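The residues making up each chain are set out below.
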Amino acid sequence: MATSPPWQVNNSSTMTTKSEAAKSRTLKYNDGATQFRQRLISSILSHRPLLLRNIRSDDLDAPGLREHEASFLRLLDRMTNGTKIEINATGTQLRFKPGVLLGGDIEHDCPIGGSGRSVGWFLEGIFPLAAFGKEPLQLTLNGVTDGTSDIDPSVDYLSSSFIPLLIKFGIGVDDDHPPPVLKVTKRGAAPMGGGSVDFYCPIVKELNPIDFVDFGKVKRVRGTAVSCRIPPSSAARVAHSVKGVMHRLLPDVWIHTDVHSSSGKKRKSGDVGGCGPSPGLSVNLTATTTEGVCLSVECSMNHNINSDSGDMMQHDQTVERKNIELPEDLGKRSATLLLQEIYSGGCIDTSAQSFAMLMMCLTPEDVSRIRLGQFSQYTIMSLRLYKEAFGVEFKLRADDNGGEGSDDESDDGFGSKRGGGQTIICSCLGIGYRNMARAST
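Draft legend 1. Geometry of helix α5 (residues 155-168). Its 14 residues place the ends of α5 19 Å apart at the C-alpha level, agreeing with the 20 Å of an ideal helix rising 1.5 Å per residue. At phenylalanine 162, α5 shows its maximal bend, which comes to roughly 30°, and the proline proline 164 appears one to four places after that position. Where burial is concerned, most of α5 is hidden: 10 out of the 14 residues are buried. Within α5, burial applies to Val155, Asp156, Tyr157, Leu158, Ser160, Ser161, Phe162, Ile163, Leu165 and Leu166. Downstream of α5 by a residue or two, glycine 170 has a phi angle that is positive, lying close to 95°.

Draft legend 2. The sheet that holds strand β7 (residues 104-109), seen in detail. A sheet is described by the order of its strands in space; here four strands give the open sequence β7-β8-β10-β9, paired in mixed fashion. With partners counted over all chains shown, the strands left at the sheet margins are β7 and β9 (181-186), one partner each. Each strand axis lies, on average, 15° off the axis of its neighbour in the sheet, ignoring direction. Judged from the seven bridges that link them, strand β8 (residues 137-143) and strand β10 (residues 195-201) form a sheet pairing that is antiparallel.

Draft legend 3. The packing of helix α4 (residues 119-126) against α5, seen in detail. The contact between α4 and α5 brings their axes to 9 Å, and the two run at 25°. With respect to α5, the axis of α4 lies roughly parallel. Between α4 and α5, the contacting residues are Val119, Gly120, Leu123 and Glu124 on the first element and Val155, Leu158 and Phe162 on the second. When grouped by side-chain class, the residues that make up the contact of α4 with α5 number five nonpolar, one polar and one charged.

Draft legend 4. Main features of the pattern of salt bridges. For the structure on display, the rule yields 15 salt bridges. Between arginine 117 and aspartate 152 there is a salt bridge whose closest N-O contact spans 2.6 Å. With arginine 117 in the loop between β7 and α4 and aspartate 152 in the loop between β8 and α5, this residue pair connects regions lying 35 residues apart in the sequence. In the salt-bridge network here, residues are joined through shared partners; they are Asp146, Asp156, Arg187 and Asp258.

Draft legend 5. Representation of the pairing of β8 in the model. Counting buried residues in β8 gives six out of seven residues, a clear majority hidden from the surface. Both β7 and β8 contribute to a ladder of six bridges, which runs parallel. Within the sheet, the bridge partner assigned to glycine 104 lies in β8 and is leucine 137.

So, how was this worked out
Residues numbered from 1 in each chain as written. Predicted model: local features only at pLDDT ≥ 70, side-chain atom pairs only at ≥ 80, totals over all residues. Heavy atoms only, no water. Helix = DSSP H or I, 4+ residues; strand = E, 2+ residues; numbered from the N terminus. Expected span 1.5 Å × (residues − 1). Bend = angle between axes of the 7 residues up to and from the residue. Buried < 20%, exposed > 50% of the residue type's maximum accessible area, 1.4 Å probe, protein only. Pairing = 2+ DSSP bridges. Axes fitted to C-alpha atoms, helices over the stretch in contact; angles between N-to-C directions. Parallel < 35°, antiparallel > 145°, perpendicular 65-115°, else oblique. Contact = heavy atoms within 4.5 Å. Nonpolar A, V, L, I, M, F, W, Y, C, P; charged D, E, K, R; others polar. Salt bridge = Lys/Arg side-chain N within 4 Å of Asp/Glu carboxyl O.

Here is the structure:
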């Protein structure tokens, strides 16, 4: 009986072992499009394939991926090299094999209308990836910029909340590149959009670990009231209402009014300002403390959102005048939300929790700490995802103090004793993620 020489390798068994290893590394989920962006981001950063099944398989009228989800996949494909995307005929199953992040100059049109989402929805998914490409990212997104705060973050909110977090993790702090910048070149309210946003982010070799547990005292409140295609006095009424609430607590409150007419003026650069065809009114507020904590909230007039379906209204839908929220009520609602964020005692606002914890997972192999308020359900689901994708477990410790190292640890930042719930000190050991495309210096 002939036998194989000892130096000959059994190729069939080797290929079987590799395929089994690839299958074991694949992130598999059977609950459809839940945490769609977070799972794609984790797949790219962990270099693990992703398999999503049962994507709206129960929806007989429109099963499978929505238009904005397919658009996000196209954007990721343009940002990477070697990415493979397979979608079945009904769109209910997605296979995603991540490639290498590139960066560079990219322009992308976000879908609008009933099946679309704002540019903030796309930016929120791009932020964790932006600093790890081969080149600095210069991204231009066209679509809805305002009026969807109930379901998507606005550009102003991302600029006041997420951009400071990127800088705190060490992105853009060196002299080689300027810090990340998010700029609105043209406003576009929901549902018809027409706006444009420019986002620049430099690349880094690795992130910096953070120790962000001291809250401090609130020293100022800044905000922006944005109006599109409505009387300019509406933005001023919102600002006056916000100051009427906040001036009872501290004097340093300033709200800028950003009014846009239907026809923009010609700028020196040749671009046309103004705004899109849809009317809208929104406000973004940011409270800054003595320890550098920035807490942001936003509100928009709720007539642009169909609350039953969670989608933006179709172009041909009209709004009854009696259902439109008054500017004074919008201002009070936004001020109340900001006070609730301050009352929770976290060093970042609720909507940025999952993003901050993802960046903590990518830091060098050192301990990072951050103080958070009450967890959102999305944050809890994200913690489970990070444990599966990166193998990172967070240590959570309840803490009744408003900040460490202060004599008045139960102070709420306004000079009175805190009466809010417990804060949570979250700590983890990073995986030491590095951007291999950037040369060592």
